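# Geometric and topological summary
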Amino acid sequence: QCVMVCPTAALTEAFHCDKVWEAINDPDKYVVVQTAPAIRVALGELFGMEPGTIVTGKMVTALKRMGFDAVFDTNFGADLTIMEEASELIYRLKNNKTLPILTNCCPAWVKFIEHQFPELIHVPSTCKSPHIMLGTIAKTYYAEKKGLDPDNIVVVSVMPCIAKKAEAKRPELTKDEHNNVDIVITTRELGAMIKEAGIEFVKLPDSKFDSPLGEATGASVIFGTAGGVIEAALRTASEWMTGKPLDKVEFEELRGMEGVRRATVKIGDQELKIGIASGLGNARHILEDIRDGKANYHAIEIMACPGGCIAGGGQPYHHGNDEVIKKRREAIYAEDRNKKVRKSHENKEILELYKNYLGEPFGKRAHELLHTHFEERERI
Ligand code: SF4
């Protein structure tokens, strides 16, 4: 899995830009693209912009000019993940089921646990990762809504991550042909494609993501940095558990650049012990403590890349410059602060999706479409 993560750029990705152009140029295909939270705070660097410049609107315009039929936000998938993951956390807490729950959105730690900690295979949340959820919804709900044949839809994910290329090929995610993402490209590949198309990125006006898979909250933006997924989950879980709005949306105690972070979060009269690790060496320490009964967390978040996806292996190279990562991280939190809606369960398009198509969060239909399983694999 080192090959899959490699934020130091000792190894690079297989380029899939040609496949994307081929799909865009095929008149029979309806090609949708989605971009992960961390892309918008790093893509500008490939065009000489300062690290941490937020280029969401320019990125959407570039994707539209490149010829994609619809431009969606993986952050919508992140909000959907939170609806399911917060429900799963509450279910496990109420029913004395396996704790801790481990948030799921990083395919590199999934491989890490499957191979290195098979005895903890029941710990991860069964939620699919956000871009896979969005791919599934694009080929089911969106296809039905727009009267499209799912066979003709091609889903392209732009990710900060090389491991996501392998994730999209996992057999349990591809067994149903309508439940997958077809092509994954990295931030660097997107930058190369924009240049290839002769688009002057810096001069582009802003555009908005397409609806209905384009609305997203501040909670989904912070998925891009370490600690963000668990914070987003707790914003929702907390309000659902207490029935009261949060006095303060931010959980500052979960934020920080340390490789391992521990915090206790009070929800009503319950105290939840939270662990956060970024970097697989740090993840190993947390997982060994859980396996050996030395830690009793309720929930943990692991990100394979130190600092999280902002420092992912598919991002513009930062050559070990922590200042670059710091600026991307500050931009992520600024995006969150700038959003009117900052909790996933208040995303109107998500609520509509449940009302008209999925039913209850963590219910039968949601399980069929949005959850997966993991397998013990040979130790390597
Ligand atoms: Fe990919 Fe993010 Fe995990 Fe790094 S932390 S391997 S970029 S999902």
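Our subject is the structure that appears above.
All values derive from a computational prediction rather than experimental measurement.

### Brief notes about the environment of Ala 42
Take Ala 42: it is sitting in the loop between strand E1 (30–35) and helix H3 (56–66). The buried category is assigned to Ala 42, whose relative accessible area is 0%. Once the C-alpha coordinates of Ala 42 and Tyr 333 are considered, the two residues, 291 residues apart in sequence, prove to be 14 Å apart. Ignoring any residue separated from it by four or fewer positions in sequence, one finds Ala 42 in contact with Gln 315, Pro 316 and Arg 328.

### Describing the sheet that holds strand E3 (residues 101–102)
Pairing in this open sheet of four strands is mixed, and the strands run E3-E8-E7-E6 from one edge to the other. Taken across any chain shown, the strands that pair with only one partner, and hence form the sheet edges, are E3 and strand E6 (260–267). Summarising the sheet, E6 and strand E7 (residues 270–278) pair through eight bridges and their orientation is antiparallel. The residue bridging Ile 267 from the neighbouring strand is Gln 270, located in E7.

### Concerning the packing of aromatic side chains
What the rule picks out here adds up to six aromatic pairs. A centroid spacing of 5.5 Å and a plane angle of 55° characterise the contact between Tyr 91 and Phe 362, whose relative ring orientation is tilted. Of the two residues, Tyr 91 sits in helix H4 (residues 74–94) while Phe 362 sits in the loop between helix H14 (348–358) and helix H15 (364–370), which places them 271 residues apart along the sequence. Residue Tyr 91 is classed as partly exposed on the basis of its relative accessible area of 37%. One aromatic cluster is present, formed by Tyr 30, Phe 72 and Tyr 142 through successive ring pairs.

### A closer look at the sheet that holds strand E5 (residues 183–186)
As summarised here, the arrangement of the four strands in space is E2-E1-E4-E5, forming an open sheet in which the pairing is parallel. Since the sheet does not close on itself, it has two edges, and those belong to strand E2 (70–73) and E5, each with one partner. Geometrically, the sheet is characterised by an average inter-axis angle of 25° between neighbouring strands, direction not taken into account. Across four bridges, the pairing between E1 and E2 is parallel. Residue pairing in the sheet places Thr 35 in a bridge with Asp 73 of E2. The strands touched by H4 are E1, E2 and strand E4 (153–159); relative to E2, the strand with the most contacts, the crossing angle is about 40°.

### Section: the packing of helix H2 (residues 17–24) against helix H9 (residues 187–196)
Direction vectors running N to C along H2 and H9 enclose 55°, while the axes themselves pass 10 Å from each other. Classified by the angle between their axes, H2 and H9 sit oblique to one another. Every pair of crossing elements has a handedness; the one defined by H2 and H9 is right-handed. In this structure, H2 contributes Cys 17, Val 20 and Trp 21 to the contact, and H9 contributes Glu 189, Met 193 and Glu 196.

### A few points about the pattern of salt bridges
Following the criterion strictly, the structure yields 24 salt bridges and no others. Its salt-bridge partner being Arg 92, residue Glu 88 comes within 3.1 Å of it at the nearest N-O pair. Here Arg 92 and Glu 88 lie together in helix H4, a separation of four residues that amounts to about one turn. In this pair, the class of Glu 88 matches that of Arg 92, namely buried. Salt bridges here are not isolated pairs; linked through shared partners, they connect Glu 231, Arg 235, Glu 250, Arg 255, Asp 336 and Arg 342.

Parameters and conventions
Residues numbered from 1 in each chain as written. Predicted model: local features only at pLDDT ≥ 70, side-chain atom pairs only at ≥ 80, totals over all residues. Heavy atoms only, no water. Helix = DSSP H or I, 4+ residues; strand = E, 2+ residues; numbered from the N terminus. Buried < 20%, exposed > 50% of the residue type's maximum accessible area, 1.4 Å probe, protein only. Contact = heavy atoms within 4.5 Å. Pairing = 2+ DSSP bridges. Phe/Tyr/Trp six-rings, centres within 6.5 Å; stacked < 30°, edge-to-face > 60°. Axes fitted to C-alpha atoms, helices over the stretch in contact; angles between N-to-C directions. Parallel < 35°, antiparallel > 145°, perpendicular 65-115°, else oblique. Left-handed = near helix turned anticlockwise from the far one by under 90°. Salt bridge = Lys/Arg side-chain N within 4 Å of Asp/Glu carboxyl O.

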